[in-house]
Amino acid sequence: MAPTHVLRCCQRGLAWIPVIFIALVVCWSYYAYVVELCILTIPSIGEKCIYLVVFHLSFVMFVWSYWKTIFTRPANPSKEFCLPKSEKEQYEKEQRPETQQEILKRVATSLPLYTRTGAGAIRYCDRCQIIKPDRCHHCSACDMCVLKMDHHCPWVNNCVGFSNYKFFILFLTYSLVYCLFIAASVLQYFIKFWTNDLPESHAKFHVLFLFFVAAMFCISILSLFTYHLWLVGKNRSTIEAFRAPVFRNGPDKSGFSLGFSKNIAQVFGDQKKYWLLPVFTSQGDGLSFPTRLVTVDPEQPTECPQPGGLDKCAVEGPAEQTSPLSESQNHLLGKDYHSEEDHKEIDFLKSDESEAITISIESES
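Counting from 1, residues in each chain are numbered in the order their sequence is written. With the structure being a predicted model, the display of local features is reserved for residues of pLDDT at least 70 and the display and counting of side-chain atom pairs for 80 or more, all residues being used for whole-chain, interface and lining totals. As a rule here, side-chain values come from all non-hydrogen atoms in the structure, and water together with hydrogens is ignored.

**Describing the UniProt feature "transmembrane region" (unreviewed entry) in the protein chain**
Move 1: UniProt positions are given in the numbering used here, feature names are shortened, and annotations may be inferred rather than shown by experiment. UniProt annotation of "transmembrane region" (unreviewed entry) refers to residues 15-42, 49-67, 167-187 and 207-230 when read in the numbering used here.
Move 2: Secondary structure elements are taken from DSSP: a helix is a run of H or I of four residues or more, a strand is a run of E of two residues or more, and numbering for both begins at the N terminus. Each end of residues 167-187 is marked by a C-alpha atom, and these two atoms are 30 Å apart; helix forms 100% of the span and strand 0%.

Okay, structure coming up:
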């Protein structure tokens, strides 16, 4: 036990090395820019003031969002996704996978679950001993199930998921702004030092390396930032981009897409005034999510556009009991989905049902 405990402590300590490295680079960049460039190199007082104001604004937002990304604890599934004591004992005693699945299905009937494993089974974590909510995955680094897990990031030593995904996007945004501003404002003095237009001083070393480091980080962050913006627009996580979530009717990468504007609102919230601030405004509870397979997706054509197709969908619906939409799902879906076409489709189904009833009565008589 002792060696294992020591090994885990060492692993946790080593996991902070990337974060410490970033912190040291940021501290050095602050000194190099404020002291060596603005105070000791730039001659114009007006230029100094403008550079210092913009630099400190980007610096504060960058550090704030980075701090929130690191120290926001990943959200975990609630107790309702744990097996009741009797079912848990029965599940652990049972050796046959088919019977275990029957136990899980009985418990899952009251849960808002729409995704399955690749084989169509209920997603269950043997490590945490819980039924996994939609978009929830087990992180081996954190050793826990994380709601709407995106990935485990070594640069923040934390799991990026439902609780801090907005902070992670803002961290990428402000780090890119921070690096771009440094590289752009340092460029002219970088050229002057390189061409010996400025006298030799110890500031030359800091200015030269400040430009190289800012440009290097800017290039590396830009690709990651662009990729995650694309994921937000599609309402996918990194895991879902590589492995499509499996619904009852098969895998679908766009199963959680509600349209571009609603996809953005799921991460950043309804109030745009809070979008650029690293405060939690994401919609929902992380346990259940509306899907385009349950309601009409404004970006996708309906799978059954013809009246006959509607009857087919009603007949071929999921055999398992589907729990009603939760309050968070209803809030996320809003009122935009209840269009006139939806009411027409519902009325059509009702008319078909009434006709079917009439026919059955006549045949019985």
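**Thoughts on unusual backbone geometry**
The phi angle of most residues is negative, glycine excepted, and most peptide bonds adopt the trans form.
Move 1: Its identity is not glycine, yet Arg 135 carries a phi of approximately 70°, on the positive side.
Move 2: In this structure, Arg 135 sits in the loop between strand 3 (130-131) and strand 4 (137-139).
Move 3: A 1.4 Å probe rolled over the protein chains alone gives each residue an accessible area, and that area as a share of the maximum for its type sets the label: buried under 20%, exposed over 50%, partly exposed in between. Here Arg 135 falls in the buried class, since its relative accessible area comes to 3%.
Move 4: Look at Asn 157: it is not a glycine, yet its phi comes out positive at around 50°.
Move 5: When you line up the elements, Asn 157 lands in the loop between strand 6 (151-153) and strand 7 (158-160).
Move 6: In this structure Asn 157 comes out as buried when scored by relative accessible area, which is 19%.

**Looking at a nonpolar patch on the surface**
Move 1: There is a patch of nonpolar side chains on the surface, built from Trp 16, Ile 20, Leu 24, Trp 67 and Phe 71 and spanning about 570 Å² of accessible area.
Move 2: At the level of elements, helix 2 (17-39) and helix 3 (45-71) are the ones that each hand at least two residues to the nonpolar patch.
Move 3: With respect to the secondary-structure elements, Phe 71 resides in helix 3. Only residues whose relative accessible area exceeds 30% and that form no salt bridge enter a patch; like-charged residues are grouped when within 9 Å of one another, and nonpolar side chains (Val, Leu, Ile, Met, Phe, Trp, Tyr) when within 5 Å. We get accessible surface area from the Shrake-Rupley algorithm with a probe of 1.4 Å; when it comes to residues, only the shown protein chains can shield them. Salt-bridge detection follows one rule: a side-chain nitrogen of Lys or Arg within 4 Å of a carboxyl oxygen of Asp or Glu.

**Topic: the nonpolar core**
Move 1: What is meant by a nonpolar core is a set of buried Ala, Val, Leu, Ile, Met, Phe, Trp, Tyr and Cys residues, joined one to another through side-chain atoms within 4.5 Å. Counting residues in each nonpolar core, the largest one holds 50 residues, and the members touching the most others are Tyr 33, Phe 55, Tyr 165, Ile 182 and Val 186.
Move 2: Secondary-structure elements contributing two or more residues to this core are helix 2, helix 3, helix 6 (165-194), helix 7 (203-234) and helix 9 (260-268).
Move 3: Top element by residues in this core is helix 6. It accounts for 17 residues.
Move 4: If you look at the next biggest cluster of nonpolar residues, it comprises 20 residues, including Leu 83, Leu 104, Tyr 124 and Ile 131.

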